[in-house]
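# Examination of the molecular architecture
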Amino acid sequence: GESVGLHLPTLSVQEGDNSIINCAYSNSASDYFIWYKQESGKGPQFIIDIRSNMDKRQGQRVTVLLNKTVKHLSLQIAATQPGDSAVYFCAENGNNRLAFGKGNQVVVIP
Amino acid sequence: ETGVTQSPTHLIKTRGQQVTLRCSSQSGHNTVSWYQQALGQGPQFIFQYYREEENGRGNFPPRFSGLQFPNYSSELNVNALELDDSALYLCASSASSGQTYNEQFFGPGTRLTVL
């Protein structure tokens, strides 16, 4: 399929290591922040979200951290697997519409 | 798989033509949002439909229009196609519950190429 990650910042990570992907957002009024994963030829897939009144939320192998002071969001993936190779987007929600960041490509090295 | 389907998968048009893209929402979802994703970029919000009416619009010209049908499926129409309209067009459905945030489930997209 076509490459979603053309000219994107790329993180290369060894299989089994932890990955950290960062994102800066712009709108202080956003009420939710969401991380999506997009594999080549597919639509974005929901990973995890966090409400603006929280600073940390954990899911299965993933943790999202929110720092409202500096408008920064991060996604931590534990024990990265080959299936985690994809482009990751952060998105901020305002009135049920999403504003996406540019994306980060993660390449898992077996 | 999210249960959101889009057709066609790929489409090639020439400048000045018109195109219609279709989306079937996930069962139980009454809200459909459309996004344009240029190569190497994040998706950009075009507009949202709720109960067959436009419910918010992004920074896109009027030649981008849409419809939502009673079964909550939706169409995106683009008139007078331009080369820059070449992109992946994504549809996302959600279940509106009166909240300002509802998880959006994306379809696989339609890849439009304008020559």
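Residues numbered from 1 in each chain as written. Chains lettered and ligands numbered in written order. Predicted model: local features only at pLDDT ≥ 70, side-chain atom pairs only at ≥ 80, totals over all residues. Heavy atoms only, no water.

## Observations concerning the side chain of glutamine 37 of chain B
For the record, the criterion: Here a helix means four or more residues in a row that DSSP labels H or I, a strand means two or more in a row labelled E, and each is numbered from the N terminus. When a residue's accessible area, from a 1.4 Å probe over protein chains only, is under 20% of the maximum for its type it is buried; when over 50% it is exposed; and in between it is partly exposed. Within 3.5 Å is the distance limit for a polar contact, defined as a pair of N or O atoms, with the added protein rule that one can donate a hydrogen and the other accept it, and that residues adjacent in sequence qualify only through two side-chain atoms.
Relative to the helices and strands, glutamine 37 of chain B resides in strand β4 (residues 31-37). On the basis of relative accessible area, glutamine 37 of chain B is assigned to the buried category, the value being 4%. Polar side-chain contacts of glutamine 37 of chain B include one of 2.9 Å to the side chain of glutamine 38 of chain A.

## Digging into the packing of aromatic side chains
All names here are of chain B. Rule in force here: Ring pairs shown here join Phe, Tyr and Trp side chains whose ring centres sit within 6.5 Å, with only the six-membered ring taken for Trp; geometry is labelled stacked below 30 degrees between planes, edge-to-face above 60, and tilted in between.
One pass over the structure, following the stated rule, counts twelve aromatic pairs over all chains. With centroids separated by 5.7 Å and ring planes inclined at 65°, the aromatic side chains of tyrosine 35 and phenylalanine 45 adopt a geometry described as edge-to-face. Remark: phenylalanine 45 occurs in strand β5 (residues 44-50) and tyrosine 35 occurs in strand β4; sequence separation between them is ten residues. Note on phenylalanine 45: relative accessible area 9%, which makes it buried.

## Observations regarding the state of the cysteines
All names here are of chain A. This is how the line gets drawn: Throughout, a disulfide means two cysteine sulfur atoms within 2.5 Å of one another.
Following the criterion strictly, the structure yields two disulfides over all chains and no others. Between the sulfur atoms of cysteine 23 and its disulfide partner cysteine 90 the distance amounts to 1.6 Å. Of the two residues, cysteine 23 is situated in strand β2 (residues 19-24) and cysteine 90 in strand β8 (residues 86-94); the sequence distance between them amounts to 67 residues. Assessed through its relative accessible area of 8%, cysteine 23 is described here as buried.

## What about the pattern of salt bridges?
Under the convention used in this document: Take a side-chain nitrogen of Lys or Arg and a carboxyl oxygen of Asp or Glu: if they are within 4 Å of each other, that pair is a salt bridge.
Under the definition given, this model contains seven salt bridges over all chains. Salt-bridge contacts for aspartate 84 of chain A lead to arginine 61 of chain A; the nearest nitrogen and oxygen are separated by 2.9 Å. Of this pair, aspartate 84 of chain A sits in the loop between β7 (72-77) and β8 while arginine 61 of chain A sits in the loop between β5 (56-58) and β6 (62-67), and the two are 23 residues apart along the sequence. Given a relative accessible area of 8%, aspartate 84 of chain A falls into the buried group. The residue arginine 22 of chain B makes a salt bridge to glutamate 75 of chain B at a minimum N-O spacing of 3.5 Å. Taken together, the positions of arginine 22 of chain B in strand β3 (residues 19-24) and glutamate 75 of chain B in strand β8 (residues 74-78) put the pair 53 residues apart, joining distant regions of the chain. The partly exposed category is assigned to arginine 22 of chain B, whose relative accessible area is 42%.

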